[in-house]
Structure formats: C-alpha cells, structure tokens
Amino acid sequence: MEKKTREQERKLLQEYPISDKDLAEQFEFRNIHEKEADQAVVIERICFPPNEACSEKNMKDRIAKAPELFLVAVDKKSGKIAGFLNGLATNEDTFRDEYFTDATLHIPDGKNIMLLGLDVLPEYRGQGLGKKIMYQYLKREHGKDRKMLILTCLQSKVGMYKKMGFRDKGISGSSWGGEEWHEMSRVIGVEK
C-alpha cells in the first residue's frame, strides 16, 4: 500500500510541478485553528467582492463544523495566514449555493468535496501559492479516499483551474452573488 501511495504522489507531483523549495520553507500548510477564524474572515473580505464573500457567521460555522477541510498556508516569518482553501464534504456531485451558507451539509466521510473558496492575499500572489495550496489539499484528501473536488468560478478563473487539472462542466446552476459561474470538477489522485 505504501508503494502505491508513493507512486500516486509522484504522479501528482508530475502533474503539479511544485519544486520551489522556497515555498515549502516560507509556508506551513495545515488545518485552520479555531482562533484564526477572524483572520480568515478578513482575508475572505480582501479576496472577494462583497456580493461573493462568505459572511463572518458562515465562515465561522464552516471552521467550527469542518476545520479538517480548511487548509491554510501560514507565512513562517510573520505567523500570518497568507492564503487558504476550504470546502465541505458530501456525497453529492453537483454544486449548489446552499454549500456556501449551510455548514450542516458537511458529511465528514463524504466522497466528494465542494470547494468554497481559494483565497490568497494580494501580497502573496504571483508566487504559485494558490497552486501549492491546491496540491497540498489534493495530496491530503487523496489519503482520505475522497473521489472528487467540485467548485464554481467566474469565466476569468476557468483557465487557472484548468491548469490545476479541473474540467469545465459548463455554466453552473449557482447564482451566488448574482453572478454566472462555471462548475468545475477534478478527480482526486491520479486517474489510471
């Protein structure tokens, strides 16, 4: 089993050519701590416009309900969260807006994860941090036997997510924030 896992990680590394040791040296990747909820709320407000940003209540509910699906990148020098990726597990395979507002939809052993936001503070962008966070998330969730990551994004982000291995499934049924979203999905692990 260990050999199989190492082989899958090697293939994932080929897909995500993350070789920049500086990122690993600069950031710690881990689950969020409950005491960091206020920091996450501020980051969300910086990264998303008001009509798209998660509310303080919903963010804190998510962190309380599913901290194991909330991966942060912490700048080792400052101790500050530079970015994060969060989601809720489910057995559903289509994204719906209720995932943004109802953390009770989280099923801890769900086979799929609805990603609710990839946030990277402006001063940390352009360094590959978002891609590194996604890689760490995929690696971790593959070890938990998850099957699929599902997200919605604006047209302007489709290309970025395609580079991360996501497939564009077309226009989503989501109308979150009054926007038109693309639904995208990605198999966790490496397909054979």
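Preceding this section is the structure that the text describes.
Residues numbered from 1 in each chain as written. Predicted model: local features only at pLDDT ≥ 70, side-chain atom pairs only at ≥ 80, totals over all residues. Heavy atoms only, no water.

> Tell me what's going on with unusual backbone geometry, and back it up with residues and numbers.
Phi at aspartate 145 takes a positive value of approximately 70 degrees, unusual for a residue other than glycine. Residue position: aspartate 145 is located in the loop between α6 (129-142) and β5 (148-153). (Helix = DSSP H or I, 4+ residues; strand = E, 2+ residues; numbered from the N terminus.)

> Got a sec to walk through the environment of methionine 184? Specific residues and values, please.
If you trace the backbone, methionine 184 turns up in strand β7 (residues 182-187). Taking the C-alpha atoms as reference points, methionine 184 and isoleucine 150, separated by 34 residues in sequence, lie 5.7 Å from one another. Non-local contacts of methionine 184, meaning those with residues more than four positions away in its chain, are made with Leu149, Ile150, Leu151, Cys153, Val158, Tyr161, Lys162, Phe166, Arg167, Asp168 and Lys169. (Contact = heavy atoms within 4.5 Å.)

> I'd like a rundown of the sheet that holds β5, residues and numbers included.
Sheet architecture is open: seven strands sit in the order β1-β2-β3-β4-β5-β7-β6, paired in mixed fashion. Looking at which strands have only one partner, the edges of the open sheet turn out to be β1 (27-31) and β6 (167-171). Recorded for the sheet is a direction-independent mean angle of 25 degrees between the axes of neighbouring strands. Pairing between β1 and strand β2 (residues 70-75): five bridges, direction antiparallel. Bridged to phenylalanine 27 within β2 is aspartate 75. In the packing of helix α4 (residues 56-65) onto the sheet, the strands contacted are β2, β3 (81-90) and β4 (112-120), and the crossing angle to β3 comes to about 70 degrees. The strands touched by α6 are β1, β2, β3, β4, β5 and β7; relative to β4, the strand with the most contacts, the crossing angle is about 155 degrees. (Pairing = 2+ DSSP bridges. Axes fitted to C-alpha atoms, helices over the stretch in contact; angles between N-to-C directions.)

> Explain the packing of helix α3 (residues 37-47) against α4 to me, using residue names and the numbers behind them.
Two elements in contact, α3 and α4, have axes separated by 9 Å at closest approach and are oriented at 130 degrees. Of the possible angle classes, the one that applies to α3 and α4 is oblique. Like other packed secondary-structure pairs, α3 and α4 cross with a definite hand, here right-handed. Counting all contacts with α3, which are made through Ala37, Asp38, Ala40, Val41, Glu44 and Arg45, the residues of α4 involved are Glu56, Met59, Lys60 and Ile63. (Parallel < 35°, antiparallel > 145°, perpendicular 65-115°, else oblique. Left-handed = near helix turned anticlockwise from the far one by under 90°.)

> Please set out the layout of surface pockets residue by residue, giving values where relevant.
Within this model, the largest pocket holds a volume of roughly 770 Å³. Contributing elements (two or more residues each) for the lining of the largest pocket: α3, β4, α6, β5 and α7 (158-163). It is β4 that provides the largest number of residues to the lining of the largest pocket, a total of six residues. Along the lines of polarity and charge, the residues of the lining of the largest pocket split into 22 nonpolar, seven polar and eight charged. (1 Å grid on protein atoms, 1.4 Å probe; cavity = no way out; pocket = protein on both sides within 12 Å on 5 of 7 lines; lining within 4 Å. Points joined across faces, edges and corners; volume = space filled by probe spheres on them. Nonpolar A, V, L, I, M, F, W, Y, C, P; charged D, E, K, R; others polar.)

> Could you give an account of the nonpolar core, with specific residues and numbers?
Core analysis: the biggest nonpolar cluster contains 52 residues, and Leu115, Leu129, Ile133, Met134, Leu149, Tyr161 and Phe166 have the highest contact counts within it. When residues no more than four places from it in sequence are discounted, the contact partners of isoleucine 133 are Phe29, Leu71, Ala73, Gly83, Phe84, Leu85, Leu118 and Val120. (Core = buried A, V, L, I, M, F, W, Y, C linked by side-chain atoms within 4.5 Å. Buried < 20%, exposed > 50% of the residue type's maximum accessible area, 1.4 Å probe, protein only.)

> Account for the side chain of glutamate 141, naming residues and giving values.
By the element assignment, glutamate 141 lies in helix α6. Look past the residues within four positions of glutamate 141 in its chain and what remains in contact with it is Glu68, Leu69, Ile113, Arg146 and Ile188.

> Describe the environment of glycine 83, listing the residues and the values that go with them.
With respect to the helices and strands, glycine 83 occurs in strand β3. Sequence spacing of glycine 83 and valine 120 is 37 residues, and the spatial spacing of their C-alpha atoms is 4.1 Å. If we ignore the near neighbours within four places in the chain, the residues touching glycine 83 are Leu71, Val72, Ala73, Asp119, Val120 and Ile133.

> Before we move on, could you go through α3 and cite the residues and values that matter?
All of the buried residues in α3 are Ala37, Ala40, Val41, Ile43, Glu44 and Cys47. Burial along α3 is one-sided: seen end-on, the buried residues are contained in an arc of 165 degrees. On its buried face, α3 is in contact with α4, β2, β3 and β4. (Arc of directions from axis to C-beta.)

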